[in-house]
Structures are given as C-alpha cells and as structure tokens.
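# Working through the structure, step by step
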Amino acid sequence: MGFSVTALSLVNRVNRRRRMPDVTSFSATEDLATLDALNTATEEVLSSKRWEFDIRRAQMTLRPRLQAATGETMAVSATKGETTATLTRSGGSVFVEADIYGSGSDLYVTRFLATGASSFPNTAFRVLNGTRAGSLAALTLATPMPETVAGVSAELFYAEYMLPDTVRSVLRVTHQDDPVTLEQVDPTVEFEELYPRPQIEYGTPQVISIGGHDTHTIVSEGDSPDPALRLMVWPVPDEAYVLDYTYHYRHAELAATTDTLQGVPPNVIDMIVDLAAISMKAFYDDADSSSIARYRAMAMDSVENMHQRHGGMFAERKRIGNWDGSARGQGSDSRVSRGRLIGGS
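Quick look at the structure, then. Nothing here was measured: the structure is a model prediction, and the numbers come from that model.

## Concerning the pattern of salt bridges
Taken as a whole and judged by the stated rule, the model has 17 salt bridges. Residues Arg-89 and Asp-99 are paired through a salt bridge, measuring 3.9 Å at the closest nitrogen-oxygen approach. With a gap of ten residues between them, Arg-89 in strand E4 (residues 84–90) and Asp-99 in helix H3 (residues 97–100) connect regions that are remote in the sequence. Of the two residues, Arg-89 and Asp-99, neither departs from the other in class, the shared state being buried. Where Arg-111 meets Glu-192, a salt bridge forms, and the shortest distance between an N and an O atom there is 3.1 Å. With Arg-111 in strand E5 (residues 107–113) and Glu-192 in helix H4 (residues 191–194), this residue pair connects regions lying 81 residues apart in the sequence. Taking the relative accessible area as the measure of exposure, Arg-111 reaches 2% and is therefore buried. Taking relative accessible area as the criterion, Glu-192 reaches 41% and is therefore assigned partly exposed.

Rendered as structure tokens:
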C-alpha cells in the first residue's frame, strides 16, 4: 500500500491539535488514552462506510473430504454417551495435522461421519479438538455419541471455514470454473440449520454463505481461539477448489509506536486525527459539551462528503468500436449492477 503512518506519528498529531508537546513513547496514561481514541476513531470512520481503498482481494483453498483410499480403511470407535472418539487408518496412510485441524490462515471446522454405523450413518459430528499420531487420531466431539461403535467405517469433511481477522465483510465470491451464489445469512443460524445433512452431496461449490462468527477445530482443549467470520460451502467440497473473494478490510488496532495504519489516504487520516482530538478534548481538556457535539457532527459530515468523493462511478461496460470502424468484436453492452452478490468466470 502506498500510504503508511505510524501510531507514534498519529498520537503526536493529536497532541499538536491539543497544543501539547510530541512524545517518543506511550508511557503516560494520557498517551495511551490518545491511542485508544485513535483506534476508536479509526473504527468509526472506516467501518461506517465501504471505502474503495479498503476493498481487497484474496484466495482460499477448500479442503476436500477425507475418505479411505482404495485398499485402505478409516474406522472410528466410540462409546455411547461419551464425547471422545478414535479414528484409525490402515493400509499405510497416516493422519496429517490438516486432516484434523487447520492452522495459520487456513482455519475450518472438522466434522466426521460414522458411515458404517447402523443407526446414524448420515449424522455429522462436529470435532471441537483433536490430536493425531501416525495412523491414529483422538477427537473430542461437540455432542455425545448416540451409540457405541467399534471399528466402523468413517470419513471427515470440511464445509465451514473461518476467515482471517482482517476480513470485515465479504462482498463477492467467485470460482474460476463455475458460477457460485453468495448469500448473507443470519449470524444466529447454525451450520446444521442452514444445510441439513450437507454430506449427502459432494462436488464443486455452488452456494457460499457468509454470516455469524464461530471458532475452528483446534489441537488442544486448552486453546481458546477467538471467534471469526464464517464462510460455509455447499455442497461439501470433494476436491481442493480455489475460491477468489473480495472483501472489506479491517485494520488491526494500533498498540506500539511503530505499528502502522496502511493504505488509508492522507485526507481520511486527517478525519481520524480530528475525531480523536475531539474525543481527547472532551475527556481531558474540559471542552464545552455542546461544542464537542457540534465539532463531531461537522467531522462526520466531512467523512460523508469525503466518502462520496472516493466512491467512484457506477460500474458499466461500454461498447467500443474497432479502430477501422468495423463492427466486429465490439464487445458487450451489458451493465454490471452495483452490489452484485453472484460471481463467476
């Protein structure tokens, strides 16, 4: 990103608006309060609008379901009423970490099916945490097993993913081979409610659902990951499909003097500094409350006007003639609708 400003520079800019000297560290309580005011102002300005400079693009790779290969077996054993289960692979294959839990930016919920069970072969069980050692995997489940199983066939699948903390909201999703539909779902809807028995169909992604926050399958019961924005896929992936998505970026909070706010244009930075300075004047400088309210309203009006200037024009495709005036290859006259939520190649 072309624009970058450090937390120390921002704090000192607020200080100058308050006619206070520059600082070199965040040791005093008032300096930390200024930093808090800047983080609050940043969130207020950048989250209230969909700024074009905060629209980013990324890719993610879906994880295919895990089944026993030809000549191999994968079986589960568990006791009725218990929330633990043991998976065993035979035939030479071993479990890798990604079979049980994700890491880094690849985070997801692991679920398993006891496909060989007599009474619940199509019931998916969520894995809260798990460990693996060679051909064995020990799983902790979200719900108790309804009956005892011993060495019945099983498989794992992955259809619910947690997006990085930097993703505030998803605007578009595309798959380069087939069209997909993007839907925003109620944050309280559970995966099982949205897609009852999703595992009965596997294949290329057709529907991507975004909404709510959840935690991913972890390696240890003692871990406590923060909830993250959910992305759910239907049908269950059977290959490592790659999705391209466009999203609204969330900036990390500033904490250290060298932390940077990147990619935000200088005129928007000015608005953030103004709002932070107004807050500090209210907290520390005994400014008149009516004046503070008036200045805040003026600052937010400026943010609104600035956002309109940054918003760009309505997207459309225009017919362009060839250089020699011929009609061939003049292209498409279709229009692209704003806020479109269905993407494809």
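So, next bit.
## Regarding the packing of aromatic side chains
As enumerated under the stated definition, the model contains seven aromatic pairs in all. Taking 5.5 Å as the distance between ring centres and 25 degrees as the angle between the ring planes, the aromatic pair formed by Phe-112 and Phe-125 counts as stacked. Highlighted residues: Phe-112 in strand E5 and Phe-125 in strand E6 (residues 124–133), separated in sequence by 13 residues. Take Phe-112: its relative accessible area is 0%, and that puts it in the buried class. Classification of Phe-125 by relative accessible area gives buried; the value is 4%. Considering the side-chain rings of Tyr-245 and Tyr-247, the 5.5 Å spacing of their centres and the 45 degrees angle between planes classify their relative orientation as tilted. Here Tyr-245 matches Tyr-247 in class, with each residue buried. Taken together, the aromatic side chains of Tyr-108, Tyr-158 and Tyr-161 make up a single cluster linked through ring pairs.

The rules behind these values
- Residues numbered from 1 in each chain as written.
- Predicted model: local features only at pLDDT ≥ 70, side-chain atom pairs only at ≥ 80, totals over all residues.
- Heavy atoms only, no water.
- Salt bridge = Lys/Arg side-chain N within 4 Å of Asp/Glu carboxyl O.
- Helix = DSSP H or I, 4+ residues; strand = E, 2+ residues; numbered from the N terminus.
- Buried < 20%, exposed > 50% of the residue type's maximum accessible area, 1.4 Å probe, protein only.
- Phe/Tyr/Trp six-rings, centres within 6.5 Å; stacked < 30°, edge-to-face > 60°.

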